[in-house]
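# Overview (structure and organization)
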Amino acid sequence: MTAVELRHLVTMAAIADEGSFGRAATRLGYTQSTISQQIAALEKAVGGPVFDRPGGPRPVRITPLGAVVLEHGRDLLARAEALTDAVDRFRAGAGRIDIGIFQSMSNAMLPTVVRRLRDEHPDCDIRMTEEVPGRPPRIDELDLLFYDSLLDGDVDHVKLLDDRYVLVARPGAFPDGPVRVEQLDGQPLVAYPPVCDQPRMELALARAGARPRIVFRSAGDDTILSMVRAGMGSAVLPWLAVHGSGVAADERLRVHELRPELPPREVFLLWPAGRSHSPLAVRTIDIAVEAAADLSRRM
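These lines cover the structure that appears in this document, whether it is placed above or below. (Residues numbered from 1 in each chain as written. Predicted model: local features only at pLDDT ≥ 70, side-chain atom pairs only at ≥ 80, totals over all residues. Heavy atoms only, no water.)

Cis peptide bonds are those with omega within 30 degrees of zero, and the linkage from Arg259 to Pro260 qualifies with -5°. Take Pro260: it is sitting in the loop between β13 (258-259) and β14 (265-272). (Helix = DSSP H or I, 4+ residues; strand = E, 2+ residues; numbered from the N terminus.)

Listed below in structure tokens is the structure:
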């Protein structure tokens, strides 16, 4: 049966619908000899005649074998049409995309990316997974990964932005305006777990003369900010984490620039090297780069 081609089944269905080889040829835009050749190839593949040909003006009749072939052939043609539609929708951006994110992205840049994708491709299927701090991301299971460091192995990437660090504290904990980094020496600090960019940031604090007391660690931006509000300590956080959490409008918190500035956290968009992108993934990369450029102008 591997010799049966879809065009043979299309021809057979047209003959069954039209009742003659000639009318089927007109419908499909073939010559009648081409129609006869395709049916002959089909009959050779299935091992017997699929039509009785009485000759003259009388319509052709489907054989019992032909009825079996036509029943399953129509099902195959319907599936082929569904495949064509699915491929067309994929090319138009209506496919599925699996994206890995980290928490700060979900509050700041990600809503912009999702909104624009939905506006441009309402039928797309967006699946998102938030990475677990301290656990290596499984990028092979994703189309794209937003991450705050590069990964080892065969991974391609585009850098999106430099995410600068700021100090978040209760009102009055520090004078208004920028805070010198050395003023954090010995101060209580609420912080992320020592994964991703956090160890590098804490090392930068130490090199600038500040060794704060870490009194609580949490991977959750909201949890850290809640502990700052409660007076447990201050927090050195990336701008994305602060920007997406409504801190600027919170009277219980103050945001201070740090002097000197700490080396920023770098944010990347990564994907497995050598993978062919779907049109939806290509567009996601473009939107992410545009959204990151807009955020960078506001930092």
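Taken in spatial order, the 5 strands line up as β4-β3-β5-β14-β6 in an open sheet, and their pairing is mixed. The sheet is open, and its two borders are formed by β4 (125-130) and β6 (155-163), each paired with just one other strand. This sheet shows a mean twist of 20° between the axes of neighbouring strands, independent of strand direction. One ladder, built from 8 bridges, connects β6 with β14; its direction is antiparallel. Its bridge partner lying in β14, Lys159 is registered against Phe268. Docked against the sheet, helix α6 (residues 109-120) engages β3 (96-101), β4, β5 (144-147) and β6, running at close to 165° with respect to β4. (Pairing = 2+ DSSP bridges. Axes fitted to C-alpha atoms, helices over the stretch in contact; angles between N-to-C directions. Contact = heavy atoms within 4.5 Å.)

This part covers the environment of Leu240. Position of Leu240 relative to the elements: it lies in helix α9 (residues 239-243). Taking the C-alpha atoms as reference points, Leu240 and Gln103, separated by 137 residues in sequence, lie 9.5 Å from one another.

Before going further, it helps to spend a moment on helix α7 (residues 198-207). Of the positions making up α7, those classed as buried are Gln198, Met201, Ala204, Leu205 and Ala206. Looking one or two residues past α7, Gly209 carries a phi angle of roughly 95°, positive in sign. (Buried < 20%, exposed > 50% of the residue type's maximum accessible area, 1.4 Å probe, protein only.)

Attention now moves to the environment of Val168. Note that Val168 resides in strand β7 (residues 165-169). Among the residues examined, Val168 registers a relative accessible area of 0% and is labelled buried. Along the backbone, Val168 and Leu253 are 85 residues apart, and their C-alpha atoms lie at a distance of 6.6 Å. If sequence neighbours within four positions are ignored, Val168 has contacts with Leu225, Val228, Ser234, Ala235, Leu237, Val242, Val247, Leu253, Arg254 and Val255.

This paragraph deals with the packing of helix α1 (residues 6-18) against helix α2 (residues 21-28). Contact geometry for α1 and α2: axes closest at 8 Å, N-to-C directions at 120°. Classified by the interaxial angle, the pair formed by α1 and α2 is oblique. Crossing handedness for the pair α1 and α2: right-handed. Residues Val10, Thr11, Ala14, Ile15, Asp17 and Glu18 of α1 touch α2, and the partners they reach there are Phe21, Arg23, Ala24, Arg27 and Leu28. When the residues that make up the contact of α1 with α2 are grouped by side-chain class, the tally is 6 nonpolar, 1 polar and 4 charged. (Parallel < 35°, antiparallel > 145°, perpendicular 65-115°, else oblique. Left-handed = near helix turned anticlockwise from the far one by under 90°. Nonpolar A, V, L, I, M, F, W, Y, C, P; charged D, E, K, R; others polar.)

Moving on, we get to the packing of aromatic side chains. Overall, the coordinates contain 1 aromatic pair when judged by the stated rule. With a centroid separation of 6.1 Å and an interplanar angle of 70°, the aromatic rings of Phe21 and Phe51 are classed as edge-to-face. In this pair, Phe21 sits in helix α2 while Phe51 sits in strand β1 (residues 51-52), placing the two residues 30 residues apart along the sequence. Each member of the pair, Phe21 as well as Phe51, is classed as buried. (Phe/Tyr/Trp six-rings, centres within 6.5 Å; stacked < 30°, edge-to-face > 60°.)

What follows covers the nonpolar core. Of all hydrophobic cores here, the largest spans 28 residues; its most connected members are Met109, Phe146, Leu160 and Leu161. Put simply, the parts of the chain that give this core at least two residues each are β3, α6, β5, β6, α9, β14 and α10 (279-298). With 8 residues, the top contributor of residues to this core is α10. When residues no more than four places from it in sequence are discounted, the contact partners of Leu161 are Met109, Leu240, Arg265, Glu266, Val267, Ala292, Leu295, Ser296 and Met299. Listed in part, the 18 residues of the second largest apolar core include Phe21, Ile39, Leu42 and Val69. (Core = buried A, V, L, I, M, F, W, Y, C linked by side-chain atoms within 4.5 Å.)

This part takes up the environment of Leu70. Tracing the sequence through the fold places Leu70 in helix α4 (residues 64-91). Measuring from C-alpha to C-alpha, the distance between Leu70 and Val267 comes to 57 Å, with 197 residues separating the pair along the chain. Not counting residues within four places of it along the chain, the set of residues in contact with Leu70 comprises Met12, Ala13, Ala16 and Ile62.

Structural measurements only, silent on function.
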